[in-house]
Structure formats: structure tokens, C-alpha cells
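Below, each chain spelled out in residue letters.
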Amino acid sequence: MSHLPQEPEFEQAYKELVSTLEDSTLFQKNPEFRTALKVVSIPERVIQFRVVWEDDAGNLQVNRGYRVQFNSSLGPYKGGLRFHPSVNLSILKFLGFEQIFKNALTGLSMGGGKGGADFDPKGKSDNEIRKFCTAFMTGLCQHIGAETDVPAGDIGVGGREVGYMFGTYRRLRNKWEGVLTGKGLTWGGSLIRPEATGYGLVYYVEEMMKYVGKGSFAGKRVAISGSGNVAQYAALKCMELGATVVSMSDSKGCLIAEGDAHFTPEHIQEIANVKLARQPLTAFSGKSAFKYIEGARPWVHVGHVDVALPCATQNEVSKEEAQALVDNGTLFVAEGSNMGCTQAAIDVFEGARKTKGAGSIWYAPGKASNCGGVAVSGLEMAQNSQRLSWTSEEVDEKLKKIMRNAFENGLHTAQEYVKTAEGELPSLVAGSNIAGFVKVAEAMAAQGDWWSS
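Notes on the structure follow.

About the criteria used
Residues numbered from 1 in each chain as written. Predicted model: local features only at pLDDT ≥ 70, side-chain atom pairs only at ≥ 80, totals over all residues. Heavy atoms only, no water. Pairing = 2+ DSSP bridges. Helix = DSSP H or I, 4+ residues; strand = E, 2+ residues; numbered from the N terminus. Axes fitted to C-alpha atoms, helices over the stretch in contact; angles between N-to-C directions. Contact = heavy atoms within 4.5 Å. Expected span 1.5 Å × (residues − 1). Buried < 20%, exposed > 50% of the residue type's maximum accessible area, 1.4 Å probe, protein only. Arc of directions from axis to C-beta. Salt bridge = Lys/Arg side-chain N within 4 Å of Asp/Glu carboxyl O. Lys, Arg positive; Asp, Glu negative; His and termini not counted. Polar contact = N/O pair within 3.5 Å; in protein donor to acceptor, adjacent residues only side chain to side chain. Core = buried A, V, L, I, M, F, W, Y, C linked by side-chain atoms within 4.5 Å.

### So, the sheet that holds strand β1 (residues 45-54)
Here is step 1: Pairing in this open sheet of five strands is mixed, and the strands run β1-β2-β4-β3-β5 from one edge to the other. Of all the strands in the sheet, just β1 and β5 (149-152) have a single pairing partner and so form its edges. Taken pair by pair, the neighbouring strands of this sheet meet at an average axis angle of 20°, ignoring direction.
Here is step 2: Bridge count between strand β3 (residues 77-83) and β5: four bridges; the pairing is parallel. Looking at the pairing, Gly-80 lines up with Ala-152 of β5.
Here is step 3: Each of β1, β2 (60-71), β3 and β4 (112-117) touches helix α4 (residues 89-106); the most contacted strand, β4, lies at about 150° to it.

### Concerning helix α9 (residues 265-276)
Here is step 1: With twelve residues, α9 should cover 16 Å at 1.5 Å per step; its first-to-last C-alpha distance of 16 Å lies within 8% of that length.
Here is step 2: Residues His-267, Ile-268, Ile-271, Ala-272 and Val-274 constitute the buried set of α9. Around the axis of α9, the buried residues are gathered within 160° of arc, so they sit on the same side. Turned more than 90 degrees away from the buried face of α9 sit Glu-266 and Leu-276, all of them exposed.
Here is step 3: Looking at the buried positions of α9, the neighbouring elements they touch are α8 (229-240) and β7 (244-250).

### Here's the deal with the sheet that holds strand β9 (residues 291-294)
Here is step 1: The sheet built from seven strands is open, its strands ordered β9-β8-β7-β6-β10-β11-β12 with mixed pairing. In this open sheet, the two strands that pair with only one neighbour each are β9 and β12 (362-364). Taken pair by pair, the neighbouring strands of this sheet meet at an average axis angle of 15°, ignoring direction.
Here is step 2: Bridge analysis of strand β6 (residues 221-224) against β7 gives three bridges, and the strand direction is parallel. Directly across from Val-222, in β7, lies its bridge partner Val-245.

### Describing the pattern of salt bridges
Here is step 1: A full pass over the atoms with the stated rule returns 20 salt bridges.
Here is step 2: Of the charged contacts in the structure, one is a salt bridge between Arg-160 and Glu-161, with a shortest N-O distance of 3.1 Å.
Here is step 3: Take Glu-161: its relative accessible area is 3%, and that puts it in the buried class.
Here is step 4: The salt bridge involving Glu-207 is made with Lys-210; its shortest N-O contact spans 3.4 Å. Remark: Lys-210 and Glu-207 occur in helix α7 (residues 196-212); sequence separation between them is three residues, near one turn of the helix.

### Considering α7
Here is step 1: Taking 1.5 Å of rise per residue, 17 residues should cover 24 Å, and α7 covers 25 Å from first to last C-alpha, within 8% of that figure.
Here is step 2: For α7, a buried count of 14 out of 17 residues is recorded, marking the element as mostly surrounded by other parts of the structure.

### Brief notes about the side chain of Asp-55
Here is step 1: In this structure, Asp-55 sits in the loop between β1 and β2.
Here is step 2: For the buried residue Asp-55, which engages in no salt bridge, the nearest side chain bearing the opposite charge is Lys-131, 7.2 Å off.
Here is step 3: At a separation of 2.9 Å, a polar atom in the side chain of Asp-55 contacts the main-chain amide nitrogen of Ala-57.
Here is step 4: When sequence neighbours within four positions are dropped, the list of residues in contact with Asp-55 reads Gln-61, Glu-128 and Lys-131.

### A closer look at the nonpolar core
Here is step 1: Among the nonpolar cores identified, the biggest contains 77 residues, and Ile-224, Leu-309 and Phe-349 are the most heavily contacted of them.
Here is step 2: Per-element accounting of this core gives the leading share, nine residues, to α7.
Here is step 3: When near neighbours in sequence (up to four residues on either side) are disregarded, Ile-224 contacts Ala-231, Ala-234, Ala-235, Val-245, Ser-247, Met-248, Ser-249, Pro-298, Trp-299, Leu-309 and Cys-311.
Here is step 4: One finds Val-18, Leu-26, Val-418 and Ile-434 within the second-largest nonpolar core, a separate group that totals 36 residues.

If you want it as C-alpha cells, here you go:
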């Protein structure tokens, strides 16, 4: 592929999948799946368009908009929209590629896609946000629909932005349909959707704890990175279950709880308000109760923690940080962010799992551990189709079941395809990758997307 432009994020995601497939017995048992891999790694469609809008000073602004419609063999394309200056095709292809297999692990009828724009919402007025969202959806609306492609929010895209885009779609297409998820509760949204990724992450780790006989979250120390939606709700659920949360972070630095200090639900609520105002963690009034380390992530500063939950962005745990977690006796690492750990960090975790037996660190990849968000998006789609609204208890119970099934699917697939030594924990990264890949590959074969010669 030397004639193609460099796409480092996508190449990393692709190599991570391929390495786990190659290290298993999958291709020995099913050599025809090598053909499926060639096909599934190329998107069905990539849409790129210009987004022209006017700022409050009356100046013309232009951004690049994208939608990567990666795979629809299991259902309509499904995946978020990201508004961030770092957005490019490589990042969206990586996210869309991961989304295919993540959505497969939910057990719901959803394909994989991702989109967004290189627009920076920070410092923009509400009027400018509205104008941009309107211009963005004007370019995108002809390519999506409830039975075709159902985007959601992501970094830089919350309920406000979803509302502006949904209204634009409705006016331009003259349709009220479940074309976006993450909507407001009075116009088609689902209860538990804002909480779903963070809650689901914690439910997944609960299953890991049960499997190895390490009890529950009660009394455990938990390090969390990030301070957005996923980190906030993961922290609140950990606290509800009796854990002590000792860190939060953002792109500027991290807050570390030292000694007997810890974060409380009141702290998390204020941090949520700070982030809603698009301010840094330094604007948090309770900052003085914690150690603030500028420009740092929490992993080498938290000391001993039982659980580490990266919830910020991709590649936020390096090889050195992974080794620090291993050396400090961390038992569980589960990604709330997409591809939160570098490949070198994953190699550290997997190496410890292989050599230290049942008491070692156990790593869960984001495509499994953070699939709760898209799962409840899928439940929102189901409610829209039926013109019904389920209670929060109903949605939460379905979320718990989906996370349990995602864990068990990865676990049992690893046991089937990956050789392990006596007392060695199964590889959740390998099992999840293989389980998602096989489900998609089989559906594509049945639909004629690939065939064996």
C-alpha cells in the first residue's frame, strides 16, 4: 500500500487486529478468512465535503467534513461524529474500523462508521456552533438516514450539537426519524444514553472481577483519565459501587488524590460543569484538595491502584506508563476511550498476563469494554422504530446484559482460538478481536461481499 498516503492511526488499529488474528489458530482453522480481512479493511464508502459557515464577525469560515461508512453487513452504519481540530481521514478510518467490531460485540444490528470535522468548538459562541452544525448537516444529510447510517455524538459533539443537526436534517429531508442518537428525551432520546459508556465500562470490569474471584468495586482504588462524559459517569458508577476514585485529567494536566483524599460525586458534578463551559480542570474550585500536575497523565503518579480506566483519547497509555501500572500492582485495565493504549502498552499488559498467571494484570480493549455507549444508541434506535420510551431501569438492565455478553463472548472466543498456559488468564483483546471479526466476516460472506476461490 506504498502508493497510499500515510494513515498512522488507522494502520495502528489494523495491525493491532491482524496481530491478534495471526497469533491465534483462526487462520489455521479458517484460512479463507484471510480474504475477508483484505475486504473488511477497506471502507465501503468515504464521503468528504466542505463545510462553509459564517462566524459572529461576519467572516466566512471553511472546514473539512467527513463520513467513513465502513461496513454495513450487520446493519446501518453506526458511529459518532467528532468535532476537533485534529480530525483527519486516518483518525476517522481508525475509529470506524474499530466501530465495526465493537458494534458486532453488542449483539445488535449495527454496522460500523465514523465521521466529523476539523472544527474546534472551543471558544465558539452558541450561534457559531449552531451555524456550523447546520452547514455540516446540510452537506451530510443526503448520505444518512434511519435505515442507512445513524450517527451519534463523540468528542466535541454533545446534546446541543445533536439537536442542531437533527433539526437541520428534519427540515431539509422533511422527515422525523431516528437518524441521530443522543437526542433529547422529549424528542426521541433514550434514558441512560449519556451515562452508557461510563456505566458500561464499569459493568464490564465487574465481570472481569467476578471471573478471577476478586470481589467487586467495593474498597478498590480506581485511577481514571479524562474528565468528559465517559470519565464522569465511570467515576460516579465506581463511587456508587464503593470504590475510591483517585485521579481525573484533561489535555492540560491531571489531578491526583494523595493520602486519604479522594473524589466525591460533588467534585464530579462541578468538573462536569467546568467541562460543559469548555474550561480546563484548573478552573475546578476543589483543585486545592488534590495535586495538580501540568502536562501529565495520571498513570505514573497515582501509586497503587486496583483498576485503571483510560477515558480520555487514543494512545493515552504509553509503554512506560503501562509498566508503571504493572509494577504498582494494578489488576485491571479497561479502555473507556478508543484505542486508549499504544500497541507497546498492550504488549506490556499482555506480556504480564502471560508470565504472571492468574494474579497478573488483565487488559480489556475499548472495542469490548466501552461498547456500552453505542449499545444504548442501538437501544435508542429500537425505541425510535417502535415509537416507545423505555424506563431507565429497563435500559440499564439491557446495558448490563450486553456488557456481560460482550465479556463472555471475548472470553470464550479466546479460550477457543488462543492457546494459554496452565493458570493463564485468557486474552480479552484477542478474544474480542476474533469474535467481532468472525461475526462480521461470516455476515459479509453470506451477503456476497467476499468469497473463497
